Amino acid sequence: CGFSARTVGILKEIGIPFESVDVLDFDANPFIREAVKEHSGWPTLPQLFVGGELLGGADIVRELHAAGELRPALQGAAGLERGAGQVVTEDAESASTYRRGTVAMVDDPERPVATTICRTLAKSFDLYGLRVVDQSAMHEGDAGALEMGLTSESHFDVEIVAPEFEGLAPVQRQQRVFAALSEVM
């Protein structure tokens, strides 16, 4: 899977030792694919656990890596010296300031899933920013999508800004989005 390959690539780039389990190898790891989803309450794979806690999936790993926050989180879990790579948080006043940005709603009868995602998120959150990008073409023939009977509009990249996410960890923010979209996904 491309998401797993990207996540493994990021972890190798960081250079901190990690272990992986091939959830698609049913002979070596029977039932692990569904068990890990049930254990974490997270619907997608891959899943990165740090110190026994779910850090997130491919999107969160990519986001934390881009922000320079992944290495310090993994170093702390590995018991390595953090040094200058420590994560510095914003002060409370600047962290709670939101600015309205672009809310790009999809409303197209030929794109029913993207339209439903936008409408559902608009009802569920006070949107300060929204961008929904259909990435289905990049995943043509994806085993997970085919397994669910999806042939189009199967993969989306959603960027959302809403005050409801203030103070939440990335995995908690994504869980809120997944909960709002539970009937769509």
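Since the structure is predicted, the reported quantities are computational estimates derived from the model, not experimental observations.

1. Some details on the overall build of the protein
Of the regular secondary structure elements, the protein holds eight helices and four strands. For the protein, the succession of helices and strands along the chain, N to C, is α-α-β-β-α-α-α-α-β-α-β-α. Considering the protein as a whole, with its 185 residues, one finds that 30% of them fall into the buried category. Within the protein, contacts between residues separated by at least 24 positions form 59% of all contacts whose residues are at least 6 apart in sequence. For the protein, the exposed surface amounts to about 11,800 Å²; the carbon and sulfur share of it is 51%.

2. Remarks on the packing of aromatic side chains
Evaluated as defined, the whole model comprises one aromatic pair. Here F125 and F165 contribute two aromatic rings whose centre-to-centre distance is 5.1 Å and whose plane-to-plane angle is 40 degrees, an arrangement assigned as tilted. Taken together, the residues F125 in the loop between α6 (112–124) and β3 (129–134) and F165 in the loop between β4 (156–161) and α8 (170–180) connect sequence positions 40 residues apart. As far as burial versus exposure is concerned, F125 and F165 are alike and both buried.

3. Remarks on the confidence of the model for the protein
For the protein, per-residue confidence averages 76 on the pLDDT scale, and residues scoring 70 or more make up 80% of the total. pLDDT under 50 marks residues 80–96. Its contacts with residues more than four places away, or in other chains, come to 14 contacts.

4. Details of the packing of helix α1 (residues 2–14) against helix α3 (residues 58–66)
Where α1 contacts α3, the two axes come as close as 9 Å, and the packing angle between them is 30 degrees. Between α1 and α3 the crossing geometry is left-handed. In this structure, α1 contributes F3, R6, T7, I10, E13 and I14 to the contact, and α3 contributes A58, D59, V61, R62 and H65. Among the residues making up the contact of α1 with α3, the classes are represented as five nonpolar, two polar and four charged.

5. Description of the pattern of salt bridges
Between side chains of opposite charge, a pair can form when the charged atoms approach closely. In total, this model carries seven salt bridges according to the counting rule given. Salt-bridge contacts for D59 lead to R62; the nearest nitrogen and oxygen are separated by 3.7 Å. Placement of both D59 and R62 in helix α3 is noted, with a separation of three residues, approximately one turn of the helix. Assessed through its relative accessible area of 26%, D59 is described here as partly exposed. Each of the salt bridges in this network shares a partner with another, and the network as a whole consists of R6, D59, R62 and D157.

6. What about the pairing of strand β2 (residues 53–56)?
Bridge analysis of strand β1 (residues 48–50) against β2 gives three bridges, and the strand direction is antiparallel. Opposite V50, over in β2, you have E53 as the bridge partner. Taken together, β1 and the strand that follows it, β2, pair antiparallel across an intervening segment of two residues, in which G51 is found at a positive phi of about 60 degrees.

Parameters at a glance
Residues numbered from 1 in each chain as written. Predicted model: local features only at pLDDT ≥ 70, side-chain atom pairs only at ≥ 80, totals over all residues. Heavy atoms only, no water. Helix = DSSP H or I, 4+ residues; strand = E, 2+ residues; numbered from the N terminus. Buried < 20%, exposed > 50% of the residue type's maximum accessible area, 1.4 Å probe, protein only. Contact = heavy atoms within 4.5 Å. Areas by Shrake-Rupley, 256 points an atom, 1.4 Å probe, with all protein chains shown as cover. Phe/Tyr/Trp six-rings, centres within 6.5 Å; stacked < 30°, edge-to-face > 60°. pLDDT = per-residue confidence, 0-100. Axes fitted to C-alpha atoms, helices over the stretch in contact; angles between N-to-C directions. Left-handed = near helix turned anticlockwise from the far one by under 90°. Nonpolar A, V, L, I, M, F, W, Y, C, P; charged D, E, K, R; others polar. Salt bridge = Lys/Arg side-chain N within 4 Å of Asp/Glu carboxyl O. Pairing = 2+ DSSP bridges.

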